[in-house]
Amino acid sequence: MVTRADILVLGLTAGVVGCLVGGLMLGVGLGLVVNRVHAGWVLVLPSAPVAGMLGYVFARKLAKQLPK
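About the thresholds
Residues numbered from 1 in each chain as written. Predicted model: local features only at pLDDT ≥ 70, side-chain atom pairs only at ≥ 80, totals over all residues. Heavy atoms only, no water. Helix = DSSP H or I, 4+ residues; strand = E, 2+ residues; numbered from the N terminus. Rg over C-alpha atoms; globule rule 2.2 N^0.38 Å. Buried < 20%, exposed > 50% of the residue type's maximum accessible area, 1.4 Å probe, protein only. Contact = heavy atoms within 4.5 Å. Areas by Shrake-Rupley, 256 points an atom, 1.4 Å probe, with all protein chains shown as cover.

**Student:** Explain the overall build of the protein chain here, please?
**Tutor:** Across its full length, the protein chain holds 3 helices and 0 strands. Moving toward the C terminus, one meets the helices and strands of the protein chain in the order α-α-α. Relative to its length of 68 residues, the protein chain is extended, with a C-alpha radius of gyration of 16 Å against a globular reference of 11 Å. Each principal axis of the C-alpha atoms in the protein chain carries an extent, and together these give about 50 × 20 × 10 Å. Scored against the burial criterion, the 68 residues of the protein chain give a buried share of 19%. Contacts spanning at least 24 positions in sequence make up 58% of the contacts within the protein chain whose residues lie at least 6 apart. Within the structure as shown, the protein chain displays about 5,100 Å² of accessible surface, and the carbon and sulfur contribution to it stands at 75%.

Shown next, in the form of structure tokens:
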């Protein structure tokens, strides 16, 4: 059974990990782009979807705990 605490921890974990990963990808990618290394766009463009995908993965993991 999933409790409110599990949902709260899911939200906090997804938010923190998503911000860390997405922000790191965005920061490093923009740093490369500003220095005229155009390969940095490979990090900048998918940074937001990757951050959101981590929350989705965590939610699927929690949903597997639900009784069927």
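Having seen the structure, we can now continue with the description.
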